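Structural overview
Single-letter residue listing:
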Amino acid sequence: MLQRLRSRDVVKMFRTAAQTFSVASLPRRVLLITLRHFCNKAPRKLRVAELLSGTGLEANVQVQGWVRSVRSQKANLFVDVNDGSCLQSLQIVASPELNDPLLTFGSAVEVRGILKKSLHPKQAVELEAEHIHVVGECNPLDFPFKIKERHTLEYIRQFPHLRGRTNAFGSLLRIRGEATWALHSYFKENGFAHIHTPIITSNDCEGAGELFQIEPSYPQNSQDENFFSVPAYLTVSGQLHLEVMTGSFSKVYTFGPTFRAENSQSRRHLAEFYMVEAEVAFTRTIEDLTEVMEDMFKRTTEHVLDCCARDVDLFHTHVTPGHRDAVEAMLKERFHVLTYSEAINILQRSTQTFAFPTNWGCDLKTEHEKYLVKHCGTRPVFVTDYPYRLKPFYTRDNRDHPRHTAAAVDLLVPGVGELCGGSLREERLDLLRARLEEVGLEDTYSWYLDLRRFGSVSHGGFGMGFERYLQCILGVDNIKDVIPFPRFSHSCLL
Ligand code: 4AD
């Protein structure tokens, strides 16, 4: 249909031109274009990234995308087109006759022409246009983004339905996609089985009570009957389901959305965020876990810096200047390790005044985490062996320690604070049963106790907040700027 329409257009254009001018007086370019239309077969449809790599040189090609700039000069019309395949736009060079009042910043276009080597030092190729079709117009006065203006992340956040059209958010989404791929391939290369843990669950893994309960939107037959016959929630963590699977697969991981009903407006909390979680059987020490955490962080980051160089560079140059050095420093050195007790000593010896207490037994707050990271030379730091009472029921009891601690670890990183949380799990049936009885959960978790009853092994795992990871490597201050559609209390746009 499109092809038929185009041929009709060309015939009409040719007839009109022939009636208006003698053929000899037609501009050479218009004549060539018209003749090519009759001789050529359908153009090859290519993406901007492919075209910029030199694919299709001298061939009749078609590109589709959105206009990033239009410059009309006497001899030529220049249009930059971007289709999301890469940060760079493709420059279209056209005869001024192909200009159209609807060809504006933000409009959607289809361009056909010949891909040529460019003489311009900033680009290797350009598309010499034969035909430009405005598919979807865009009134630049109403469009919230303005040509040549560098909008802040905060400004574009107001337009979640349009911000993918900006350079910064386009880059962010490509980096996010590549980092997702890199994490999956890290686990695959290291022999982990990928498990789809459920989104709907009847357990509160972390025991913090920050659950979103789910029920159908339509009225139930009986007032007190739950759809699943038990209260059901959106998952806060896939850990317990991974523990089930680690009992037969040894090394497992999951990577999906998790939900916390935290009434927080902070720059590092969301109600829906992505978490990558791993669980490893026959793991006896916290070091076995910190090794995987550090290796996963470093290999994934190296991959992203390598494969998304231009996109990352946009952030490190324009959004968070200087952050590149911080990331490279994190990759070069070994992460620091501190016990919780050492961390408390450091905080108590500090001359800084903290808003929250720093006595042994207190939870570490953001201000404490920030101080500890700085104290360790602004590099990531593992804090291990937290007070037993601060950690959830599944955490392994460090019975042999002089102070009552749990074999738990958090990874703190510059600018963000806590990036990962993990622990060895209590694999001893009697200790786990006693802890569950103490918190009144022995019936709820009878299946969990079974895992210790039938072939129990020492094991452990961790979870890394994916948005916090992106904040950390890109230096982005607000977590809402690293996820396509942020959800937080009082906000669920789109
Ligand atoms: O420390 P958390 O709560 O650990 C767990 O959920 C464990 N069950 C994971 C495991 O061992 N398999 O959460 C893990 C990480 C945090 O370190 C943080 O990076 C991120 O998840 N996170 C959040 N990210 C964004 N918004 C929130 N509300 C978050 N809560 C936790």
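Since the model is a prediction, treat every value here as computed from it, not as a measurement.

1. Observations regarding helix H12 (residues 429-438)
Along H12, the residues classified as buried are Leu431, Leu432, Arg435 and Leu436. Seen from one end, H12 has its buried residues packed into an arc of 130°, which puts them on one side. Contact partners of the buried residues in H12: helix H13 (446-453). Two residues or fewer after H12 comes Gly440, characterised by a positive phi angle close to 70°.

2. Things to note about the pairing of strand S13 (residues 381-387)
Every regular strand shows the same layout, with side chains that alternate between the two sheet faces. Across the 7 residues that make up S13, a large majority, 7, are buried. The pairing of strand S12 (residues 336-339) with S13 spans 4 bridges and is parallel. Bridge pairing links Val337 to Phe382 in S13. Judged from the 6 bridges that link them, S13 and strand S15 (residues 405-413) form a sheet pairing that is antiparallel. Residue Phe382 lies in a different strand from S15, and its bridge partner there is Leu411.

3. Focus: unusual backbone geometry
Most of the time, phi is negative for any residue but glycine, and the peptide bond is trans. The residue Glu58 is not glycine, and still its phi comes out positive at about 70°. With respect to the helices, strands and loops of the structure, Glu58 is situated in the loop between helix H3 (48-52) and strand S2 (60-72). At Phe282, a residue that is not glycine, the phi angle is positive and equals roughly 60°.

4. What about the packing of aromatic side chains?
To describe a pair of aromatic rings, one takes the distance between the centres and the angle between the planes. With the rule as written, the count across this model stands at 23 aromatic pairs. An angle of 90° between the planes, with centres 5.7 Å apart, marks the rings of Phe145 and Phe159 as edge-to-face. Taken as a pair, Phe145 in the loop between strand S6 (125-136) and helix H4 (153-156) and Phe159 in the loop between H4 and helix H5 (167-189) lie far apart in primary sequence, 14 residues in all. Accessibility classification places Phe145 together with Phe159 in one group, the buried group. Plain terms: the ring middles of Phe354 and Tyr371 are 5.6 Å apart, the flat faces sit at 90° to each other, and that makes the pair edge-to-face. A residue pair is termed long-range when its members are at least 10 positions apart, and Phe354 in the loop between helix H10 (340-349) and helix H11 (366-375) and Tyr371 in helix H11 qualify at 17 residues. Lying across the ring of Tyr274, Arg176 places its NZ or CZ 5.3 Å from the centre.

5. Describing the site of the ligand
Close to the ligand lie 24 residues; Glu206, Gln239, Glu262, Glu277 and Glu418 are nearest. Between a nitrogen atom of the ligand and a side-chain N or O atom of Ser237, the distance comes to 3.0 Å. A distance of 3.5 Å separates a nitrogen atom of the ligand from a polar atom in the backbone of Phe462. Compared with its free state, where it exposes 630 Å², the ligand has 93% of that area covered by protein. Those elements that place two or more of their residues in the shell around the ligand are strand S11 (272-281), strand S16 (417-424) and strand S17 (459-465). The residue inventory of the shell around the ligand, partitioned by class, reads 9 nonpolar, 7 polar and 8 charged.

6. Some points on the nonpolar core
By size, the foremost hydrophobic cluster in this structure holds 64 residues, and its most contacted members are Ile175, Phe187, Phe297, Leu419, Met464, Tyr469 and Leu474. Not counting the four nearest positions on each side in its chain, Phe297 is found in contact with Met330, Leu331, Phe335, Leu419, Tyr469, Cys472 and Ile473. Among the nonpolar cores identified, the runner-up in size contains 24 residues, and Val61, Val63, Val79 and Val81 belong to it.

About the cut-offs
- Residues numbered from 1 in each chain as written.
- Predicted model: local features only at pLDDT ≥ 70, side-chain atom pairs only at ≥ 80, totals over all residues.
- Heavy atoms only, no water.
- Buried < 20%, exposed > 50% of the residue type's maximum accessible area, 1.4 Å probe, protein only.
- Helix = DSSP H or I, 4+ residues; strand = E, 2+ residues; numbered from the N terminus.
- Arc of directions from axis to C-beta.
- Contact = heavy atoms within 4.5 Å.
- Pairing = 2+ DSSP bridges.
- Phe/Tyr/Trp six-rings, centres within 6.5 Å; stacked < 30°, edge-to-face > 60°.
- Lys NZ or Arg CZ within 6 Å of the ring centre and 35° of its normal.
- Near = heavy atom within 4 Å.
- Polar contact = N/O pair within 3.5 Å; in protein donor to acceptor, adjacent residues only side chain to side chain.
- Areas by Shrake-Rupley, 256 points an atom, 1.4 Å probe, with all protein chains shown as cover.
- Nonpolar A, V, L, I, M, F, W, Y, C, P; charged D, E, K, R; others polar.
- Core = buried A, V, L, I, M, F, W, Y, C linked by side-chain atoms within 4.5 Å.

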